[in-house]
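# Examination of the molecular architecture
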Amino acid sequence: MSRVFLLSTERLRLCCSSLTVEQASDVMWAYCKLQPHGTVPKGLFELLYNHILQNFSKLPMPRLVQCLLNTARGLSGHFRFWDESVSVHPRRNCHRFAFRDRRLLQQAESQVVKEVAEMESRHLTAVVQAYTLSHVASPESVSVFLRASFDKSRELAPEELSALLVSYATLRVGSSFAGHVQIDILDRLAQFSAVHFSEILWAFCALRHRDAHFFATLLRLLTPGGVRTARGAVLLCPALLEIRTYFPSLDPEGLERYTSYVREPFCRSQMHSAAPEVARESLARSLSKAGMKKVEQLVDIDGYVVDVLVPSDGNELDKPVAVQYHSAPRTLHMATGEPLGQTMMKQRYLRAHGMCVVNILDETWDSMDCEEQALDLAQQIQRAQKQPTGKSFVGPAHRPKE
């Protein structure tokens, strides 16, 4: 952290209540902008947030949008926080503090919806990102955001266009928006970076807007250095896996090479977002009670990580079963309970490669006793054996089955 920011933290904490709401929003923006080179002071962030929460209606919309996006980033774990009450240097005292207050996003939603049509494209993009990261927006609000995105599609900078596509694909809406901007992307290829292409490919795959010609055009413009960035790799790897599944004749050697570049960081991200150990152990015990003799946890399937795998060998099953434990906001949307785009991409890939999938919801699972859990799993596994998998699930490339 910059020495100026470090020395200013305590004084700003002491005088936070005397700041105007505009000044508080500027201070929050400055500390959050310091990422990824520094960390955000936990106590100061909370003081600024509460001050803004009480007075956000007085903020000009551009400043309010900044606050919403920084709040959403705090909620989604994008920031490293340090506890300034401890006399240890921030570099030795930083962690992923669990900031959970969504009230600012919830209370500002109606005001944002009223004004979103008049926003500049960069502010519209920030709003959509904020409400996607925070899992707050209602389906009705998302529809308003989507209409505004259609209207401003010609004004979007490359980074704005790719960010909107990723946000809508995460929410599993906006396939028509992807089709709407596809020609514009092709007309402006020189303006996009390798990371942008990774984001676009992922979004089109997540939305099942599959076009072999479009994919081939973007893939030809990728560079090894560009795709090895952390964000590019995490998004590009599942996109490549899906493209290889539905278009197996599309440059198989090239896709295999690029997949090898990005598989490891993608797998690390999958491990980080896997089901908690206590949930996996509970599933494993119940599977054992249900008569499954062999059970494996955190199994790597081409970069995707299966929470609990029940192999067919040794368990008298026709097909292996991937048991996925779901919770919000890890794999489900907090407001709607719907699976996220990345959740459905993973399920499609597992089924396309011969595995049945059993989905376990955390609230349902936790409400049952041990006997009920074992019985429920046994029944779900038997039903799952009837799922179409492999080629019968994928179908022809031009009309993939879900």
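Residues numbered from 1 in each chain as written. Predicted model: local features only at pLDDT ≥ 70, side-chain atom pairs only at ≥ 80, totals over all residues. Heavy atoms only, no water.

### Side note on helix 8 (residues 158–171)
Let me state the cut-off plainly: Helix numbering and strand numbering both begin at the N terminus, where a helix is a DSSP run of H or I of at least 4 residues and a strand a DSSP run of E of at least 2. To estimate how far a helix should reach, multiply one less than its number of residues by 1.5 Å.
For helix 8, which comprises 14 residues, the first-to-last C-alpha distance of 20 Å matches the rise-based estimate of 20 Å (1.5 Å per residue) to within 8%. The positive-phi residue at the C-terminal boundary of helix 8 is Arg172, with phi of around 60 degrees.

### What to know about unusual backbone geometry
For the record, the criterion: The classification of residues rests on relative accessible area computed with a 1.4 Å probe and restricted to protein chains. Under 20% of the type maximum is buried, over 50% is exposed, and intermediate values are partly exposed.
Cis geometry marks the peptide bond from Ala328 to Pro329; its omega dihedral reads 5 degrees. Structurally, Pro329 is set in the loop between strand 6 (321–326) and helix 16 (341–352). The residue Arg172 is not glycine, and still its phi comes out positive at about 60 degrees. Checked against the element boundaries, Arg172 lands in the loop between helix 8 and helix 9 (175–187). One non-glycine residue, Arg208, adopts positive backbone phi at about 60 degrees. Here Arg208 lies in the loop between helix 10 (194–206) and helix 11 (212–219). Residue classification places Arg208 among the partly exposed residues on the basis of a relative accessible area of 43%.

### Some points on the packing of aromatic side chains
The geometry of an aromatic ring pair is captured by two quantities: the separation of the ring centres and the angle between the planes. The line we're drawing: Stacked, edge-to-face and tilted are the three classes for Phe, Tyr and Trp ring pairs, Trp counted by its six-membered ring, which pair at centre distances within 6.5 Å; planes under 30 degrees apart are stacked, over 60 edge-to-face, the rest tilted.
Inspection of the entire model under this criterion finds 16 aromatic pairs. Between the aromatic rings of Phe214 and Phe215, the centroid separation amounts to 6.4 Å while the plane-to-plane angle is 45 degrees, which identifies the pairing as tilted. Seen in terms of ring centroids, Phe266 and Tyr304 are 5.1 Å apart; in terms of plane orientation they differ by 85 degrees. Their pairing is edge-to-face. Linking Phe266 in helix 14 (residues 252–272) with Tyr304 in strand 5 (residues 304–310), this pair joins segments that are 38 residues apart in sequence. Grouping residues by exposure puts Phe266 and Tyr304 together as buried.

### Quick look at helix 1 (residues 3–15)
Applied cut-off: Bend angle per residue: angle between axes fitted to the 7 residues ending at that residue and the 7 residues starting there.
With 13 residues, helix 1 extends 19 Å between its outermost C-alpha atoms, agreeing within 8% with the 18 Å of an ideal straight helix rising 1.5 Å per residue. Along its length, helix 1 shows its largest kink, about 40 degrees, at Thr9.

### Describing the nonpolar core
One recurring pattern in soluble globular proteins is that nonpolar side chains are buried together. Let me state the cut-off plainly: By nonpolar core we mean a set of buried residues, namely Ala, Val, Leu, Ile, Met, Phe, Trp, Tyr and Cys, connected to one another through side-chain atoms within 4.5 Å. Throughout, a contact is declared for two residues whenever any of their heavy atoms are within 4.5 Å.
Core analysis: the largest hydrophobic core is formed by 108 residues, its most contacted members being Tyr131, Leu165 and Ile185. Setting aside chain neighbours within four positions, we find Leu165 in contact with Phe177, Ala178, Val181, Ile185, Ile200, Ala203 and Phe204. Counting residues in hydrophobic clusters, the runner-up holds 19 residues, among them Val308, Leu317, Tyr325 and Ile360.

### Remarks on the sheet that holds strand 7 (residues 356–361)
Selection rule: Whether two strands pair depends on DSSP finding at least two bridges between them. The angle between two axes is taken between their N-to-C directions and runs from 0 to 180 degrees, where each axis is a line fitted to C-alpha atoms and a helix contributes only its stretch in contact.
Taken in spatial order, the 4 strands of this open sheet run 4-5-6-7, and their pairing is mixed. Among the strands making up the open sheet, the edge pair consists of strand 4 (296–301) and strand 7. The sheet shows a mean angle of 45 degrees between the axes of neighbouring strands, direction not considered. Inspection of the sheet shows strand 5 paired to strand 6 by 3 bridges, in the antiparallel sense. Opposite Val308, over in strand 6, you have Val323 as the bridge partner. Against the sheet, helix 14 contacts strand 4 and strand 5, and its axis sits at roughly 55 degrees relative to strand 5. The sheet strands contacting helix 16 are strand 4, strand 5, strand 6 and strand 7, and the helix crosses strand 5 at an angle near 55 degrees.

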